[in-house]
Amino acid sequence: MEKMNRPLPAAYLGLLATAAVLAAPWLPWWLLGGLALGLGLAVWGVAKGSSAQAEAGALDHLAGFVEQSLVGVYLLDADRIIYGNQAMADMLGIAREALSDLPLSQIIYPADLNLVRENVRRRLSGELRSLRYGFRFLRADGTLGHCEVHSRVTQMQGRALVVGVMIDVSERAEAQQELALYARAFEASGEAMLVTTADGRIVALNPAMQALAGQPREALLGQLALSLEADAASAGLAQIIQAAEQAGRWQGEYCLQSRQGLRHSTMLSISALRNAEQAVTHYVAILSDLSQAKAAERALQESERKFRAFVELSLVGIFVIQAGRLVYANPKLLEMLGYASLDALPQRTLSALSSLDTAGEPDSLRYTFRLEHCAGHALWLEAHGRHFDYEGQPAVIGTALDVSQRVESERQGRLAERVFESASEGILITDADNCIVAVNPAFTRITGYEPADALGKHSRMLMGQGSRAAFNQDMREHLFRDGYWQGEMRDRRKNGEWYPVWMSISAVRDEAGQISNFVGVFTDYTSRKETENRLHYLANHDGLTGLLNRHGLLSSLRHEVEQARIQREQLAVLFLDLDRFKAINDTLGHGAGDRLLVAATERLRYQLKNRDLIGRLGGDEFTVVLDGIAGPEVAVEVAQRVVRAMAQPFVIDGHEMFVTASVGVALYPGDGADAQTLLKNADIAMYQAKERGRSTYQFFDKAMNAQAFEHLLLENSLRHALDRGEFELHYQPQVATQSGEIVGVEALIRWRHPELGLLSPAKFIPLAEQNGLIVAIGSWVLEEACRQGRAWLDAGLGLQHIAVNLSARQFASGDLLDTVDAALLDSQLPAAMLELEITESTIMQNPQEAAVLLQRLRERGVVLSIDDFGTGHSSLVSLKQYPLDSLKIDRGFVQGLPNDEDDQAITETIIAIARKMRLKVVAEGVETPEQLAYLRDAGCELAQGYLLGRPQPAYVLQSLLQRREPGQLPGAN
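I will try to describe carefully the structure that is included in this document. Within each chain, residue numbers correspond to sequence positions counted from 1 in written order. Local features are withheld for residues below a pLDDT of 70 in this predicted model, meaning they are given only at 70 or higher, and side-chain atom pairs are given and counted only at 80 or more; totals for whole chains, interfaces and linings count all residues. Hydrogens and water molecules were not included; the side-chain quantities draw on all heavy atoms of the structure.

**Looking at the overall build of the protein chain**
Helix and strand counts for the protein chain come out as 35 helices and 38 strands. Accessibility here uses a 1.4 Å probe with only protein chains present; expressed as a share of the type maximum, an area under 20% marks a residue as buried, one over 50% as exposed, and anything in between as partly exposed. Relative to its 973 residues, the protein chain shows a buried fraction of 46%. Taking the contacts inside the protein chain whose residues are at least 6 apart along the sequence as the reference set, 55% of them involve residues at least 24 apart. For the protein chain, the computed accessible surface area is about 48,300 Å², with 51% contributed by carbon and sulfur atoms. Counting from the N terminus, the helices are the DSSP runs of H or I reaching at least four residues and the strands are the DSSP runs of E reaching at least two. By definition, residues are in contact when any of their heavy atoms lie within 4.5 Å. Only the protein chains shown count as cover for residues, and the accessible areas themselves come from Shrake-Rupley with a 1.4 Å probe.

Spelled out as structure tokens, the structure:
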């Protein structure tokens, strides 16, 4: 088509003028009037003109009107622009001449091109007579614009053409985007927000406000905001609105009540929105839950600076960067940085923020960077931004989040990873199905399995089979119930070796509360287990012969008696004593005597079955337990063999020695229903065998128990002894091994019997335990010891504590706490001076209840000590559960010091354990200076025994304390 460099025909001008009028709904009144006037004059001139000159003038007038129009006017065929006015050329940023014959594809955004072509096609085909729609166009500088077109179809010289106007609506589109941004921010805000009319009716609210009010949006819209008011405890909403109307804004605490009746104390910020005549049209309210966000309270106090109210009160920082300068920062961003205003920001902070102005970068920006807080500490921010026009110039608007905690968490995660890699304990992590997902190097070092061997495999530690199935099931039940389990188990290395481990397993739950992983931390327990087993062996076996000692035998005998009771079987206890052993020991020495005992042990073993129990109770006394016997004749046969074997001569150190054996036999159940009774009766029978000439055996007979009658008399007298005041306390000094000072005493009961004289506890305490009098006697001992301790305290003797033994029955009596409270209250003795001694066996009768009772005693300030440590049933694991202050080494381990290696090992181990557990150690039964010196060098703090002082009446001990020189041992002259 020929270039349009000459005046348009009158028909074209008429169409274009008509197209210009199509834009009327978007033009201001003055421009619309001008168009109408110009078009009217032109049409009038053409219609009424009587000459070519008049027609040409009218056409010129009409052409001038089209060319000077402020909106783009165009004429096009199917795919090309035939004509466009200057306003259209300006809109596209190209020369006017370039419009003629210009393809649509060069000015329309590619994504919208098909839409435009389809609409043009439908116009030209007659499907649509007129249409109004919008699309995006490309400017010559490459920027994108938004426009709306209004067009009609007309026939021109036999051709169907589209005539229309094109209006640039880019600014309106950006405004709509900005309004959409505000709307999204309004909906997504974590702060409760609502908008009311001037008379207080709710017209808009966000989800946070729905949640706070406890009502759906539909129920709240149209309501008066006054309906949300809880009571008169806070300022009335009507007064608040009045204040906001007068001042433009109100902020303060406000009490709101939800539909469910829940009261919310909030920080309310309400602003009045006014029209051009300054009349209030709406109120915007923002409510912050004071219990959740104090930071929001500070942000609310600095709200409304440049953006709208909900932007100013945003919980995220908002900033604008333009031309390399930070031109706006909302109060929240300033708060994050610790500054009051934009002007107060230091240059280094401004430079760091301004560096986010990245011209030419993608439209969406995301950066994480480090700034310095006003207080000097590091602050990590994550910024999200995009390009936009700010006051007509390109800029970057962004939000900033304080991610310092996340960055710190990531740092902690990296640290945890380093700990995971460098930990000395083995660590494995499995998924919920116990499939291993991670192991650390220590896992490989301990188990021998490389990561490639373990990853993807099921953990044997968590999924035991066979004999371990029940154990692992119990462990898994604890994990699912408590989320944690720890304990000892056995595992196998890659080389097939079994080894003990101490394992701690934790369950990790996801956001839904479901277990997602298990984390196991384990330690190779071999060395500690060997030490523990060694200590247990030493505590239960005789160091010389390797046989069970008294403690070990009693424990095993109790088990055998229980099994015999369940199986309804008989068993026999043989109590054996070597005749004339003392003479050999005294004549040839202890070394020869020990070798004789070893030889006798081997000979005894030879006469018995492997399953028969053998124990050495001390000295030359042995005990044999025969289980599952058919009758007494089996015990007779064994006793005869033992007597004959022991009668054969022994050759020791080249000397032929002759000893015989006296054997006592007691049968279960006829001669006793428990281990102690069977041992006692077998012992009585053994003495009967000695009285009958030795080298023989004797069955227990109730008639032979000559001591039974004496016990009966003692028991009868014992029932009245307390009322008659026949008991008295003697006190044995406890001495500091380093200084020699008497720092405490142990109260020991004595019975001054009117006929039998002064009796030791061994004579009557077992009877008191049996008949239950021990509880009353124990209470008297506790009260008397506290009374005496107070008297010594008032006398200024400087004792640190007074120790009192508690019996098993007294410990389990149920009123021990009341007894202790009464004794301390009546005597006014400080609780810290009272030390209560409890045996291991007493505690282990009911470990859980014992732990609770000991804790309640500890809460009263009483000192707690384990008596005869090493002879009971407690393990190191259970011992650490009790609130103890000291351990008392049993005299059985002290008597062999300093020469007996086993006693040395046990004593040193106990002292080492006590040190690790921060417990004081007391050794009893110290009878020689060598024993005292050994204990002192081993680190034992306190000692007592005949070397340091025998038990003695209070007045005697008081006299000793008053005249003794400092540092002088009690036994020294």
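**Examining the packing of helix α19 (residues 550-567) against helix α23 (residues 675-691)**
Between N-to-C directions, angles span 0 to 180 degrees; the directions come from axes that are lines fitted to C-alpha atoms, helices contributing only their stretch in contact. Orientation of α19 relative to α23, taken along the N-to-C sense of each, is 110°, at an axis distance of 9 Å. With respect to their mutual orientation, α19 and α23 come out roughly perpendicular. Contact residues: L553, L554, L557, R558 and V561 in α19; A675, Q676, L678 and L679 in α23. For the contact of α19 with α23, the per-class residue count stands at seven nonpolar, one polar and one charged. By the definition adopted for this analysis, an angle is roughly parallel if under 35 degrees, roughly antiparallel if over 145, roughly perpendicular if from 65 to 115, and oblique otherwise. Lys, Arg, Asp and Glu make up the charged group, whereas Ala, Val, Leu, Ile, Met, Phe, Trp, Tyr, Cys and Pro make up the nonpolar group; the residues left over, Gly among them, are polar.

**Side note on the sheet that holds strand β20 (residues 498-509)**
A pair of strands counts as paired when DSSP detects no fewer than two bridges linking them. An order of β18-β17-β21-β20-β19 is seen for the five strands of this open sheet, with the pairing classed as antiparallel. Looking at strand neighbours, the two that pair on one side only are β18 (436-439) and β19 (484-492), the edges of this open sheet. If you compare each strand with its neighbour and ignore which way they point, the axes differ by 25° on average. As paired strands, strand β17 (residues 426-431) and β18 are joined by three bridges and run antiparallel to one another. Looking at β18, one finds that L428 is bridged to V439.

**Considerations on the pattern of salt bridges**
Here, a salt bridge means any side-chain nitrogen of Lys or Arg that lies within 4 Å of a carboxyl oxygen of Asp or Glu. Going through the model one piece at a time under the given rule, you end up with 34 salt bridges. Measuring nitrogen to oxygen at the nearest pair gives 3.4 Å for the salt bridge that ties E335 to K332. Remark: K332 and E335 occur in helix α12 (residues 331-337); sequence separation between them is three residues, near one turn of the helix. The shortest N-O distance in the salt bridge between D885 and R858 comes to 3.0 Å. Of this pair, D885 sits in the loop between α31 (876-879) and β35 (886-889) while R858 sits in helix α30 (residues 847-859), and the two are 27 residues apart along the sequence.

**Let's talk about the sheet that holds strand β27 (residues 660-668)**
The sheet built from five strands is open, its strands ordered β23-β24-β22-β27-β28 with mixed pairing. Of all strands in the sheet, those bounded by a partner on one side alone are β23 (613-618) and β28 (697-699). Averaged over all neighbouring strand pairs, the angle between strand axes comes to 20°, with direction disregarded. Relative to β27, strand β22 (residues 570-579) runs antiparallel, the two being bridged by nine bridges. Within β27, the residue paired with D579 across the bridge is T660. Contacts between α19 and the sheet are confined to β22, β23, β24 (621-629) and β27, with β23 contributing the most and set at about 140° to the helix. Where α23 meets the sheet, its contacts fall on β22, β23, β24, β27 and β28, and the angle it forms with β27 comes to roughly 140°.

**Observations regarding the environment of A160**
With respect to the element layout, A160 can be found in strand β6 (residues 159-168). A160 gets classed as partly exposed once you look at its relative accessible area, which sits at 26%. In this structure, the C-alpha to C-alpha distance between A160 and G126, residues 34 residues apart in sequence, is 9.4 Å. Leave out the neighbours within four places in its chain, and A160 touches L124, T154 and Q155.

**Regarding the environment of R117**
Position of R117 among the secondary structure elements: in helix α5 (residues 110-125). R117 gets classed as partly exposed once you look at its relative accessible area, which sits at 32%. Sequence spacing of R117 and A78 is 39 residues, and the spatial spacing of their C-alpha atoms is 7.5 Å. R117 has contacts with D79 and S105, leaving out every residue within four places of it along the chain. By the criterion applied in these results, polar contacts are pairs of N or O atoms within 3.5 Å in which, for protein atoms, one can donate a hydrogen and the other can accept it, and in which residues neighboring in sequence qualify only through two side-chain atoms. Engagement of the side chain of R117 in a polar contact is seen with the side chain of D79, the distance being 3.2 Å.

**Description of helix α13 (residues 347-354)**
For α13, the set of buried residues is T349, L353 and S354. With its buried residues spanning 125° around the axis, α13 presents them on a single face. Facing away from the buried side of α13 by over 90 degrees, the exposed positions are Q347 and R348. Directions drawn from the helix axis to the C-beta atoms are what define this arc.

**What to know about the environment of P331**
Mapped onto the elements, P331 comes out in helix α12. Separated by 16 residues in the primary sequence, P331 and L315 have C-alpha atoms spaced 9.4 Å apart.

**Some remarks on unusual backbone geometry**
Cis geometry marks the peptide bond from Y668 to P669, where omega comes out at 10°. One can find P669 in the loop between β27 and α23. Put simply, L897 and P898 share a cis peptide bond, and its omega is 0°. Looking at the secondary structure, you find P898 in the loop between α32 (891-894) and α33 (901-916). Positive phi outside glycine occurs at R568, with the angle close to 55°. As for its placement among the helices and strands, R568 is situated in the loop between α19 and β22. Residues other than glycine seldom take positive phi values, yet D653 does so here, at roughly 55°. Considering the arrangement of structural elements, one finds D653 in the loop between β25 (650-652) and β26 (655-657).

**With respect to the pairing of strand β1 (residues 72-76)**
Regular strands have side chains that alternate between both faces of the sheet. Most of β1 sits inside the fold, with five of its five residues counted as buried. With burial as the criterion, each face of β1 is covered, one bearing G72, Y74 and L76 and the other bearing V73 and L75. Pairing of β1 with strand β2 (residues 80-84) involves three bridges; the strand directions are antiparallel. What sits directly across from L76, in β2, is I81. Between β1 and β2, which pair antiparallel one after the other, the connecting turn spans three residues.

**Points about the packing of aromatic side chains**
Any two of the Phe, Tyr and Trp rings considered here, Trp counted by its six-membered ring, make a pair once their centres fall within 6.5 Å; the pair's planes then place it as stacked at under 30 degrees, edge-to-face at over 60, or tilted in between. Going through the model one piece at a time under the given rule, you end up with nine aromatic pairs. Between Y133 and F135, the ring centres sit 5.9 Å apart and the planes meet at 40°, which makes this aromatic pair tilted. Both residues of the pair, Y133 and F135, belong to the buried class. Plain terms: the ring middles of F727 and W751 are 6.0 Å apart, the flat faces sit at 50° to each other, and that makes the pair tilted. Here F727, found in strand β29 (residues 727-736), pairs with W751, found in strand β30 (residues 742-753); they are 24 residues apart in sequence, far enough to count as distant. Neither residue differs from the other here; F727 and W751 are each classed as buried. Placement of a positive charge over a ring is assigned whenever Lys NZ or Arg CZ falls within 6 Å of the ring centre and within 35 degrees of the normal to the ring plane. The ring centre of Y499 lies 4.0 Å from the NZ or CZ of R493, which sits over that ring. One residue, R603, lies across the ring of F650, its end atom 3.5 Å from the ring centre.

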